[in-house]
Each structure stands twice: as structure tokens, then as C-alpha cells.
Amino acid sequence: MNGAFRPLDVEAIRGDFPILKQEINPPLIYLDSAASSQKPNRVIDVLSDYYRTYNANIHRGIYRISEKATEQYEEARKKIARFINSPRACQIIFTRNTTESINLVANSWGNANLRAGDEILISVMEHHSNLVPWQLLAQRTGAKLRYIEVTDEGLLHLEELDRLLTERTKLVAVTHVSNVLGTVNPVQSITAAAHAVGAKVIIDAAQSAPHLPVDVQAIDCDFFAFSGHKMCGPTGIGVLFGKLDLLEEMPPFLGGGSMIRTVQREHSTYADLPQKFEAGTPSIAQTIGLGAAVDYLNDVGLDAIHPHEQELLEYAHQKLSEIEGITIYGPKPRHKVGAVTFNLDRIHAHDVAGILDQDGVAIRAGHHCTQPLMQKFGVIATARASFYLYNKLEEVDSLYEGLLKAQKILIRRRG
Ligand code: PMP
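In short, a report on the structure. The structure displayed is predicted, hence computed values, not measured ones.

How each quantity is defined
- Residues numbered from 1 in each chain as written.
- Predicted model: local features only at pLDDT ≥ 70, side-chain atom pairs only at ≥ 80, totals over all residues.
- Heavy atoms only, no water.
- Helix = DSSP H or I, 4+ residues; strand = E, 2+ residues; numbered from the N terminus.
- Rg over C-alpha atoms; globule rule 2.2 N^0.38 Å.
- Buried < 20%, exposed > 50% of the residue type's maximum accessible area, 1.4 Å probe, protein only.
- Contact = heavy atoms within 4.5 Å.
- Areas by Shrake-Rupley, 256 points an atom, 1.4 Å probe, with all protein chains shown as cover.
- Lys, Arg positive; Asp, Glu negative; His and termini not counted.
- Charge placed at Lys NZ, Arg CZ, Asp CG, Glu CD.
- Pairing = 2+ DSSP bridges.
- Axes fitted to C-alpha atoms, helices over the stretch in contact; angles between N-to-C directions.
- Core = buried A, V, L, I, M, F, W, Y, C linked by side-chain atoms within 4.5 Å.

Some thoughts on the overall build of the protein
Broken down by element type, the protein carries 14 helices and 15 strands. Relative to the compact-globule value of 22 Å for 415 residues, the protein shows a C-alpha radius of gyration of 22 Å, a close match. The dimensions of the protein, computed from C-alpha atoms along their principal axes, are 75 × 55 × 35 Å. When burial is assessed residue by residue, the protein has 55% of its 415 residues classed as buried. Put simply, of all contacts in the protein between residues at least 6 apart along the chain, 71% involve residues at least 24 apart. In the structure as shown, the protein presents an accessible area of about 17,300 Å², 49% of it carried by carbon and sulfur atoms. Seen as two clouds, the 42 positive and the 48 negative side-chain charges of the protein have centres 4 Å apart.

What to know about the sheet that holds strand E7 (residues 223–227)
Here seven strands make up an open sheet; going across it, the order is E2-E8-E7-E6-E5-E3-E4 and the pairing mixed. Among the strands making up the open sheet, the edge pair consists of strand E2 (92–95) and strand E4 (144–148). Here the average twist between neighbouring strands, direction ignored, is 20 degrees. Across three bridges, the pairing between strand E3 (residues 119–123) and strand E5 (residues 169–175) is parallel. For Ile120, the partnering residue across the bridge sits in E5 and is Leu171.

Remarks on the nonpolar core
In a soluble, globular protein the nonpolar side chains are often hidden away together inside. Grouped together as the largest cluster of nonpolar side chains are 70 residues, with contacts concentrated most on Ile84, Phe224, Phe226, Met231 and Leu389. Element by element, the count of residues in this core is highest for helix H10 (residues 284–300), at ten residues. Discounting chain neighbours no more than four positions away, the residues touching Met231 are Ser37, Phe83, Ala209, Pro210, Phe226, Leu290, Ala293, Val294, Leu297 and Tyr388. One finds Leu312, Ala316, Leu356 and Phe387 within the second-largest nonpolar core, a separate group that totals 30 residues.

Here it is as C-alpha cells:
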């Protein structure tokens, strides 16, 4: 992580993102990176270069452009392994997204290892991606789903962990960073506590890998899942890291081409890692594009990105707190990254987002795929502004002005 820009030169960074340089009126103020980030030229150029100059399927062609595509695809795997400190590149499995990575574990490891009476421990702040696959697994196997509750401040109730973790707990599935509250969970200590009762741990890193330096060996988790599109990479590419012994003993998730060694009429044998879990033609361009995104993040430096985002978050908290009738959900900025989530009294979050959009401010409104968390806070929806390396303080001012405008228009209209 030898950053080219340190401290972060936001204007230079913005210059790397063509969508932010568009001459449009009003200009785009993009505060929805937690849903999907924008892409720098470096990533867009790599996609274009692949399709223009060496588009071919991988791992089979005995000709030059196929060999180049294979090389670049496998190079991306190595870059991603280094990015999260995976001991070996073959422990990086390419999927479509975080959702597919989690479903892979639920179906492959879960079906093989869970029985009636076993318990899966998740939390109330999970994205539906790290909840519904475990509900389905529980229904298939007779295992029971248990929850770590969330405090009113938006932190995990970790005092309950000792009571919830028992010899029945086979898996703990928890998010590293909440996509709604921004809460950063202490995944290293949760993993240690889970291992102490013999449970395996999967971390949903969809919202941490883009923002924080992550080290799967330091966390010591068994599985770690994230999506390329939230970290400057393309859509259609996700990652699953797994511990070697677990991945080796797990049965395949999807069957088809590329994942086999031999196929007989009645049975097949399977390829070594990582191919065993990569059936069919993968997202070749997108994987190479994710490799370029990792290069980009490394060059800028997550150690420089994180303080910049913290500054935005502190400023957003301070400005938004000045607004009468606002409720901000979640902990103080020092316990979180990336997002500020709120509601304005008497105004639906969708209406807030609609008014902001008139001035080019893009935020997200809704349940954010976290209905149990919404239920905990007694709301059906919230508004969420989320930040990334290319956002600047003035954009927080625009958000603030837009919220005052929304109150003026919508509350006046309703009398
Ligand atoms: N987990 C978290 C915490 C998320 O924020 C998201 C995306 N909003 C997901 C999982 C799912 O990611 P994807 O849609 O890329 O599979």
C-alpha cells in the first residue's frame, strides 16, 4: 500500500472517475457507494482492453489470446489473495457476488455439516444475503437459527455471545460492517469466541473490503465473502475466501464444465481448488477488472482512504445533527465506516430521496435488505448516504441543503 496520493488528493481521485466528470446539470453528487461504487478509468480501460484485444474463453484454448486471458484471470486471483492476505491464491473462489459466495457455503459446507438440533448464529443487523441462505439451510437440515441482538445504539449485543455460543453452535455468520448503520463489528474476537466452542465462522465483508485493510489470517475466519462492484470493480464478480482444509473437503456447489477431472456416465471426479467451485465460463472480463480495482485501491492506499471517509462521516454527523426532526441511526462515527442512515420526522425516506435527486444528490432509501434491523428500530424504511474515496465535504453540504429543502417542501405541503 504505497499510496500515490497521501493525504488523499480528492480532486485528483475524482479525475479518475469519468462519471463524476460528466457535464450534466445538476452535477452528480453520488452518495450511494454502499449500494455500488463508481469505477475508475483504470478498471473501465481494462474491461475494454480485454474485449477489444484478447477476448477468449480461459483454461482451454491452446492459442495466444486464450492464454493471455487465462494468465490475466489467474493474475487477478493472486492480487486478490494478497489484498486480503490469503495464504494461497487457490483459496480465492470467484463467484458472481457476496450473495453467491454465501450461498455456496450454505449449500456446500452447510448441507454436508449441519444436522437437526445444530445452531447457526447470525445477527439482527445482517443483510438478507447473510440471513436468507441460513434460513433455507435451517429449513433443509432442521438446524435452528439464533440471533445476536442489536443495541439501541446500533452495536452488537456482545455480552450475549457467551450465552448464545454453545456446543450446538456449528456456524457463526456475521457482517464485518453493517450496510445500514456502518457499525464495524469486532470480527476477530467474535471468531475467537466461536472457535472456542468449535463453530466455524463466515464473515460478510461486502462493506468492509472496500473501506478497511482486511487480513483474513489475522481475523482467522473460516470463510470471507465480498463483491467487486462495491470496491471500484465491475458488477458480476464476487469473492469467497475459505480455509484450505474446509474448501478441500467441501463438495461442489454447482456442477458443469471446468469443475471436473473426469466424467463417467454415472459419476464424476472433481478438479482441484479453485476450479472445483468455478463451474462454467466465469466472469472473465469482470475478474480481470476486479484485479485492476485492487491495484487502484492499493495505489491510493486504504490507509489513506479510511481517514478521508472518517472525515466525511464526522462532518455528515455534525451537519445532519443540526437538522430539527432528524433521527440518525447507528453508533458514533468512531465505531463505523462509510454510511450515515437517518429519517426526517413526518417524511417518508423515499420522498426525501426524490427531492434530493432533483438537485443531483443520489442517496438510497428503503429497508436496505435488512428488514429485521428495520423492525428493531421500529421503521419500515430509512434514508442512507454513503461515502467513498471520491466524495468531498461540499457534497455533504449539498446533502444538508437538500434535506432542509425536503422538509420545507414536504412538510409545508402536508400542512
Ligand atoms: N452484505 C452486505 C453487508 C451488503 O451491503 C450487500 C450489498 N448491499 C450484500 C451483502 C450483498 O451484496 P451483493 O448484492 O453484491 O451480493
